[in-house]
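Report on the structure
Each chain, letter by letter, is given below.
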Amino acid sequence: AGAGGGVYIAGGIVPALGALFSAAVFRSGFEDKEPFSSWLRAVPCWTITHPQPGLLGLAGLAVPSSTELACASAQTTTISAGEPS
């Protein structure tokens, strides 16, 4: 149960913050949730950096053969996940 496969952060807030967004501070706050900290350390997180991720996904639904292309061209940035303890 839970988001063991990962968490995607989308929307305009992170890009609007620009250099003010600290991946290290985000990870620290994300993982600092007792009694779940050890589990959360293993959950990967990404910020979606593609300017129109919804349209990219819609293209994948509208033209099934484009799903692989849409997934391959999705732009994300990894927010490092630690190793499980």
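1. Overview of the overall build of the chain
Helix and strand content of the chain: 5 helices and 3 strands. Each helix and strand of the chain, ordered N terminal to C terminal, gives the series β-α-α-α-β-α-α-β. Burial analysis of the chain (85 residues in total) assigns 21% to the buried set. Restricting the contact set of the chain to residue pairs at least 6 apart, pairs at least 24 apart contribute 72%. Counting every atom, the chain has about 5800 Å² of accessible surface; 65% of that belongs to carbon and sulfur.

2. Things to note about unusual backbone geometry
Looking along the chain, the bond that leaves E34 and enters P35 is cis, with omega of 5 degrees. Tracing the chain through its elements places P35 in the loop between α2 (23-31) and α3 (37-40).

3. Here's the deal with the confidence of the model for the chain
Averaged over the chain, the pLDDT score is 78; the fraction of residues at 70 or greater is 73%. No element of the chain has a lower mean pLDDT than helix α5 (residues 67-73), at 53, and none a higher one than α2, at 91.

4. Side note on the side chain of S37
Of note, S37 is situated in helix α3. Residue classification places S37 among the buried positions, given a relative accessible area of 5%. Beyond its immediate chain neighbours, meaning those up to four positions away, S37 contacts E31 and D32.

5. Thoughts on α2
Every buried residue of α2 is listed here: R27, F30 and E31. With its buried residues spanning 85 degrees around the axis, α2 presents them on a single face.

6. A few points about the environment of G54
Inspection of the secondary structure puts G54 in helix α4 (residues 53-62). Along the sequence, G54 and A10 sit 44 residues apart, while their C-alpha atoms lie 9.8 Å from each other.

7. Description of a nonpolar patch on the surface
On the surface, I13, L17 and L20 cluster together into a nonpolar patch covering about 350 Å² of accessible area. When its relative accessible area of 37% is taken as the criterion, L17 is described as partly exposed.

8. Structural notes on the packing of aromatic side chains
The geometry of two aromatic rings is summed up by the distance between their centres and the angle between their planes. Scanning the model with the defined rule gives 3 aromatic pairs in all. Relative to F26, the ring of F21 has its centre 6.0 Å away and its plane inclined at 45 degrees; by these criteria the two rings are tilted. Assessed through its relative accessible area of 22%, F21 is described here as partly exposed. According to the relative accessible area criterion, F26 is partly exposed, its value standing at 24%. Through pairs of rings, three or more aromatic residues link up here, namely F21, F26 and F30.

Criteria and thresholds
Residues numbered from 1 in each chain as written. Predicted model: local features only at pLDDT ≥ 70, side-chain atom pairs only at ≥ 80, totals over all residues. Heavy atoms only, no water. Helix = DSSP H or I, 4+ residues; strand = E, 2+ residues; numbered from the N terminus. Buried < 20%, exposed > 50% of the residue type's maximum accessible area, 1.4 Å probe, protein only. Contact = heavy atoms within 4.5 Å. Areas by Shrake-Rupley, 256 points an atom, 1.4 Å probe, with all protein chains shown as cover. pLDDT = per-residue confidence, 0-100. Arc of directions from axis to C-beta. Patch = residues over 30% accessible without salt bridge, like charges linked within 9 Å, V, L, I, M, F, W, Y side chains within 5 Å. Salt bridge = Lys/Arg side-chain N within 4 Å of Asp/Glu carboxyl O. Phe/Tyr/Trp six-rings, centres within 6.5 Å; stacked < 30°, edge-to-face > 60°.

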